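# What the coordinates show
Next come the chains, spelled out residue by residue.
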Amino acid sequence: CVIAAAKESLTLTRGCNMLFVDQAWRPGDNDQMIERISRISQTRACLIMLMQADHILDRHVNQLCWRKQGIIDAALPMDTIG
């Protein structure tokens with residue numbers, strides 16, 4: 001999925017597998033795409049995979065995304081999320 005378009009307008013009625021080929025720079029956009037596939041009415045287990053090439057740029061971008069998510073998680077109490 002193209003995150004910029006699908007995070008706001010994609011409605012999945014049968015999907016339960018997701019492959020992230022490219023992550024967004026903002027962790028919230030990635031989280032919103034994951035919520036699209038693991039919606040409340042989902043009755044099947046969801047499989048969410050992240051593809052990462054064995055390249056320094058892909059590793060760097062993924063590390064930045066994980067670091068940003070860590071900062072967000074540390075700044076917000078868990079009971080306010082969701």
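Since we're looking at a predicted model, the values are computed, not measured.

So, about the overall build of the chain. Within the chain one finds three helices and two strands. Counting only residues that meet the buried cut, the chain has 23% of its 82 residues in that class. Put simply, of all contacts in the chain between residues at least 6 apart along the chain, 65% involve residues at least 24 apart. Accessible surface, the chain: about 6,200 Å² in total, of which carbon and sulfur atoms supply 61%.

Of the two faces of strand β1 (residues 17-20), the one holding Met18 and Phe20 is buried and the one holding Asn17 and Leu19 is not buried anywhere. With four bridges joining them, β1 and strand β2 (residues 47-50) adopt parallel strand pairing. Pairing of Leu19 across the sheet is with Met49, part of β2.

Moving on, we come to the pattern of salt bridges. Taken as a whole, this structure holds two salt bridges when the rule is applied. Here Asp29 and Arg26 are joined by a salt bridge, their closest N and O atoms 2.8 Å apart. What makes Asp29 buried here is its relative accessible area of 10%. Asp54 is paired through a salt bridge with Arg59; the nearest N and O atoms lie 2.7 Å apart. We classify Arg59 as partly exposed; its relative accessible area is 33%.

In this fold, Ile72 is placed in helix α3 (residues 56-75). Residue classification places Ile72 among the partly exposed residues on the basis of a relative accessible area of 33%. Through-space distance from the C-alpha of Ile72 to that of Pro27 is 8.7 Å; in sequence the pair is 45 residues apart.

With respect to the element layout, Thr43 can be found in the loop between α2 (27-37) and β2. The spacing of Thr43 and Cys16 is 27 residues in sequence and 9.1 Å in space, taken between C-alpha atoms.

Before going further, it helps to examine a nonpolar patch on the surface. Residues Leu19, Val21, Leu47, Met49 and Met51 make up a contiguous nonpolar surface patch of about 440 Å² in total accessible area. Locating Met49 in the fold gives a position in strand β2.

Parameters and conventions
- Residues numbered from 1 in each chain as written.
- Predicted model: local features only at pLDDT ≥ 70, side-chain atom pairs only at ≥ 80, totals over all residues.
- Heavy atoms only, no water.
- Helix = DSSP H or I, 4+ residues; strand = E, 2+ residues; numbered from the N terminus.
- Buried < 20%, exposed > 50% of the residue type's maximum accessible area, 1.4 Å probe, protein only.
- Contact = heavy atoms within 4.5 Å.
- Areas by Shrake-Rupley, 256 points an atom, 1.4 Å probe, with all protein chains shown as cover.
- Pairing = 2+ DSSP bridges.
- Salt bridge = Lys/Arg side-chain N within 4 Å of Asp/Glu carboxyl O.
- Patch = residues over 30% accessible without salt bridge, like charges linked within 9 Å, V, L, I, M, F, W, Y side chains within 5 Å.

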